[in-house]
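# Structural description and commentary
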Amino acid sequence: MTPEQFETWLYPDETGLYCAPGAFHIDPHRATETAIVTHGHADHARPSHKHVYASPETLAIMNLRLVQQAGQHHHAMVSGEVVTMGDVDVWLAPAGHVLGSMQVVIEWQGQRAVVSGDYKRRPDPTCASFEVVPCDLFVTEATFGLPVFRHEPDDREIARLLTSVAEQPERAHLIGAYGLGKCQRLIALIRAAGHDAPIWLHGATEKMCAFYQEQGIELGELLPVAGAEKKDMAGSIVMAPPSALQDRWSRRLPDAVTCFASGWMRVRGRARQRGVELPLIISDHADWPELIQTIKETGAREVWVTHGREDALCHQITKMGKKARALALVGREDEDDSEDVAP
Ligand SMILES: [Zn+2]
Ligand SMILES: [Zn+2]
């Protein structure tokens, strides 16, 4: 192992990204001895590890979603607290993606590697903001790693939604958004825009919203769709997992306007394909300018790209005078377009 040659001590094996001098995996896609988990989304927080190191919020989310299979021993790491694992020092720094999401900072023999997990740069009222950690190696996600992906300002998208709600008081606006993070962030943004009427919840989103509220995040008045009458929901906003948009379930709403909040809504064909009437370009992943900005700010001399469109971003990184490498990790899903409906 040579500290300056990162691939000699930090590399993907059949379980996931492995740090050899620390003897742990980061977000392993199958059960392992020791896992550091960046956040609670299903493709990062897998069941049945022996030791799980993560932020207290992520551990709580894993308990909520995986119950008996949340892992044998949980080790809470508060942001910034240094833990020695094997020969390396490890600490977590906020990733700004969803509640409890963290980047993993690894220091070994004078070299510092940062594994971002999923991240975004714009402010999110439901989680701590991304923190730039200067490093030698930066491992970045690239869900939206193409120059075409530029997310709109959140407040503009929310204003479009609220205008549509005001203009169609006889209809309900049904918003498809994944259940951990996106759903709660949208509610918080809608509240920040001054909409204080009750917001209705599909059953699959209730538990996680309650958890966010327990964590002190204000979501205003939330009511279950189950048991409600059609007329009660006229002129209101309803949150549901994306799968509910085309589901029979939506027939219980008054003439639903289907909305879908995702970075993919930048691509018109995707919205059409899903039958989305009101696409909202809101994502919990960095868009192209945010990816470039972040890579620059870390000052890393080497950047590994994972979790999406690697080619374009690797090319851009090389143009920036840095060493780039596409890191193919198995088991990653495109969660901005996936269901992620576990409670
Ligand atoms: Zn995620
Ligand atoms: Zn992810």
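Here six strands make up an open sheet; going across it, the order is β1-β2-β3-β4-β5-β6 and the pairing mixed. At either margin of the open sheet sits one strand with a lone partner, and together these are β1 (10-13) and β6 (73-76). Across the sheet, the mean angle from the axis of one strand to that of its neighbour is 30°, orientation sign disregarded. In this structure, β1 lies alongside strand β2 (residues 16-19), joined through four bridges in antiparallel fashion. Each residue of the ladder has a partner; that of L10, found in β2, is C19. In this fold helix α1 (residues 56-66) packs onto β5 (51-54) and β6, with an angle of close to 130° to the strand it touches most, β5.

A few words now on the nonpolar core. With 98 residues, the main nonpolar core has L174 and V238 as its most contacted residues. Taken domain by domain, this core gets at least three of its residues from each of domain 1 (6-148 + 284-326) and domain 2 (154-280). Setting aside chain neighbours within four positions, we find L174 in contact with V238, A240, L245, S250, L253, A256, V257, T258 and C259.

One can read the domain layout of the protein as domain 1 (6-148 + 284-326) and domain 2 (154-280). The C-alpha centroid of domain 2 is placed 29 Å from the C-alpha centroid of domain 1. Tallied by class, residues from the side of domain 1 that touches domain 2 come to seven nonpolar, five polar and five charged.

Thresholds, definitions, all that
Residues numbered from 1 in each chain as written. Chains lettered and ligands numbered in written order. Predicted model: local features only at pLDDT ≥ 70, side-chain atom pairs only at ≥ 80, totals over all residues. Pairing = 2+ DSSP bridges. Helix = DSSP H or I, 4+ residues; strand = E, 2+ residues; numbered from the N terminus. Axes fitted to C-alpha atoms, helices over the stretch in contact; angles between N-to-C directions. Contact = placed C-beta atoms within 7 Å. Core = buried A, V, L, I, M, F, W, Y, C linked by C-beta atoms within 7 Å. Buried ≥ 20, exposed ≤ 12 C-beta atoms within 10 Å, placed from the backbone. Domains from an automatic or database assignment. Nonpolar A, V, L, I, M, F, W, Y, C, P; charged D, E, K, R; others polar.

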